[in-house]
Number of protein chains: 2
Amino acid sequence: MTDEVVLRERDRLGLRERKKLATRQALCDAAMQLAINHGIEGITPERIADAADVSSRTFRNYFSSPEEAIISGMQESARALPANLRARPRTEPIWDSLCIALVTTVEETMSARDLMSLLALVRCHRSLLAEHLTALEEASQQLAEIIAERTGTDVNRDIYPRMLADVARIAVKSSLDLWSQGNTGRDIGEILTEALDLLGRGLSVPATAPPITGST
Amino acid sequence: MTDEVVLRERDRLGLRERKKLATRQALCDAAMQLAINHGIEGITPERIADAADVSSRTFRNYFSSPEEAIISGMQESARALPANLRARPRTEPIWDSLCIALVTTVEETMSARDLMSLLALVRCHRSLLAEHLTALEEASQQLAEIIAERTGTDVNRDIYPRMLADVARIAVKSSLDLWSQGNTGRDIGEILTEALDLLGRGLSVPATAPPITGST
DNA sequence: GGAAAGATTGCAAATTCGGCAAGATCCAGT
DNA sequence: ACTGGATCTTGCCGAATTTGCAATCTTTCC
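Let me begin by describing the structure that accompanies this report. (Residues numbered from 1 in each chain as written. Chains lettered and ligands numbered in written order. Predicted model: local features only at pLDDT ≥ 70, side-chain atom pairs only at ≥ 80, totals over all residues.)

Moving on: the interface of chain B and chain A. Opposite the 39 residues of chain B that make contact, chain A presents 41 residues. Counting only elements with at least two residues in the side of chain B that touches chain A, the list comes to helix H7 (94-109), helix H9 (126-151), helix H10 (160-181) and helix H11 (188-201) of chain B. Per-element tally for the side of chain B that touches chain A: the top contributor is H10 of chain B, with 9 residues. (Contact = placed C-beta atoms within 7 Å. Helix = DSSP H or I, 4+ residues; strand = E, 2+ residues; numbered from the N terminus.)

Take a look at the structure:
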């Protein structure tokens, strides 16, 4: 039996694969750390590779730019979303499933305070912003497929799954933007919940009154 | 009187400014035309500059990449949105104003059929997609400020204006994506209107029935 | 008219990118 | 365990791209 377990482990991930993942992770971490500590300017493939104990040539085998490495490192944490969404019961309304999965994922991944300062950087630098937005776009694509599968719709023909995924994305994005400014002093989960509630109820509602904060 | 007019013209835009705008426009047009005719691959600052009758060094003074020039050319047309939104009466509900301004702007700018093929290109190329998304992001920022001003909310503290602006963005984006696929044979204004309607009413509505495609 | 400010251009230095091959490490079959 | 093949890392080098700078020309302002 032990053999079988070992075998399964090996099938799942060989040593080679694990090492590859490890260096990728090391590069991401190094990139993020450098960005946080010294800002974006002056970050070069060399420094990142240096900090990750690989050659600069290796860095280029994994990423085509420092920005890509940084953002990839941030996204890394958010990979849990698909799993969290699939974990919801299929009988639950898709919107509710989506909201719960989103809030759960975001709250978990944002516990690391570093990500807040990183997000603040992203808002200031066009090159980072571009990477971040495309990453979100790709995530949104995946999400749309899951939603389509759950709701029995077709990504390529119906607009509903795309729309739902895109709305989820901007709920996350708006919340993160606001949160990373640090002015509100509110929890990220709280902000995101408000955003999702706003979207769920429809936006043609009265505008001026803060729609959520004053619940009860 | 003629003198006064000339004088006012001059105050508004000096000859120098006008020339600068002109070369920028020429570069954008050249970039878009080249992209449409020969695809993205093989487009180089040299060719664009050549087509616009300036040196390649000058191109770099304006844009840092061919992609930036292309997308900037597309965005050029959409600059009317802020004006269109401000033109709406302040007594009108903000959501209605937004929808009208969006549909008007998009219908006007998309009358040029070239933009459809360009949008199709954008969906296929990561570098173009990145530029496109950041351009949309910047537009969204401006929009958020206008909305905040209109609704008496604060961009830096309330989530509502950002949300509204971002939702407008994805409505536009989704509609353009669907439209540029060319499968629907429908008008872009029509598609956008239905997307906005869906968003306005709230997304926690039944999922499985295609809410857009089968409208009466 | 003339000086200051700004735009365009060409050139050259510097940087980045990507292919290639050598060496190291891992995997699978015996 | 051994071995042949596959994959990853790395240094090196040439090509392409980007940037800095100074010269030249145009516009603006006094």
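Attention now goes to the protein's contact with DNA strand C. The immediate surroundings of DNA strand C are formed by 18 residues, with Gly 14 and Arg 16 of chain A together with Val 54, Ser 55 and Thr 58 of chain B found nearest. Elements that contribute at least two residues to the surface near DNA strand C include exactly helix H2 (15-38) and helix H4 (56-62) of chain A together with helix H2 (15-38) and helix H4 (56-62) of chain B. Of the residues belonging to the surface near DNA strand C, the class tally is 3 nonpolar, 8 polar and 7 charged. (Near = placed C-beta within 6 Å. Nonpolar A, V, L, I, M, F, W, Y, C, P; charged D, E, K, R; others polar.)

A few words on the protein's contact with DNA strand D. In the vicinity of DNA strand D lie 18 residues, with Val 54, Ser 55 and Thr 58 of chain A together with Gly 14 and Leu 15 of chain B positioned nearest. When contributions to the surface near DNA strand D are tallied by element, the ones reaching two or more residues are H2 and H4 of chain A together with H2 and H4 of chain B. Here the residues of the surface near DNA strand D sort into 3 nonpolar, 8 polar and 7 charged.

Let us now look at the relation of the copies chain B and chain A. Overlay of chain B on chain A (RMSD 0.1 Å): rotation 176 degrees, translation along the axis 0.1 Å. As the rotation angle and translation indicate, the two copies are arranged about a two-fold axis. The rotation axis passes nearest to the C-alpha of Gly 202 of chain B in chain B, at a distance of 1.5 Å. When the interface residues of chain B are mapped onto chain A, 87% of them again fall at the interface, so both copies present the same face. (Least-squares fit on C-alpha atoms with pLDDT ≥ 70 in both.)

Residues and elements named next belong to chain B. Between its terminal C-alpha atoms H2 stretches 34 Å, which fits the 34 Å expected from 24 residues at 1.5 Å a residue. Packed against the buried residues of H2 are helix H3 (45-51), H4, helix H5 (66-78) and helix H8 (114-124). Backbone geometry just downstream of H2 places Gly 39 in the positive-phi region, at approximately 75 degrees. (Expected span 1.5 Å × (residues − 1).)

Here the focus is H11 of chain B. All names here are of chain B. Taking 1.5 Å per residue, 14 residues should reach 20 Å; H11 reaches 20 Å between its end C-alpha atoms and fits that length. What H11 keeps buried is the set Ile 188, Ile 191, Leu 192, Thr 193, Ala 195, Leu 196, Leu 198 and Leu 199. Immediately downstream of H11, the backbone of Gly 202 shows phi near 105 degrees, a positive value. (Buried ≥ 20, exposed ≤ 12 C-beta atoms within 10 Å, placed from the backbone.)

Residue and element names in this part refer to chain A. One way to put it is that H2 packs onto helix H8 (residues 114-124) with a least axis distance of 10 Å and a crossing angle of 70 degrees. As judged from the angle between their axes, H2 and H8 are roughly perpendicular. For the pair H2 and H8, contact is made by Met 32, Ala 35 and Ile 36 and by Asp 114, Ser 117, Leu 118 and Leu 121, respectively. A per-class count over the contact of H2 with H8 returns 5 nonpolar, 1 polar and 1 charged. (Axes fitted to C-alpha atoms, helices over the stretch in contact; angles between N-to-C directions. Parallel < 35°, antiparallel > 145°, perpendicular 65-115°, else oblique.)

Right, let's get into unusual backbone geometry. Residues and elements named next belong to chain A. In the Ramachandran plot, Asp 53 falls in the positive-phi region, its phi being about 60 degrees despite a non-glycine side chain. In this fold, Asp 53 is placed in the loop between helix H3 (45-51) and H4. The exposure class assigned to Asp 53 is exposed, which follows from the 11 C-beta atoms found within 10 Å.

What follows deals with the packing of helix H5 (residues 66-77) of chain A against helix H9 (residues 126-151) of chain A. Residues and elements named next belong to chain A. Packing of H5 against H9 brings their axes to within 9 Å, and their N-to-C directions diverge by 45 degrees. Between H5 and H9, the crossing angle belongs to the class labelled oblique. Of the two elements, H5 crosses H9, and the hand of that crossing is right-handed. Along the contact surface, H5 presents Glu 67, Glu 68, Ile 70, Ile 71 and Gln 75, while H9 presents Ser 127, Leu 128, Glu 131, His 132 and Ala 135. Grouping the constituent residues of the contact of H5 with H9 by class yields 4 nonpolar, 3 polar and 3 charged. (Left-handed = near helix turned anticlockwise from the far one by under 90°.)

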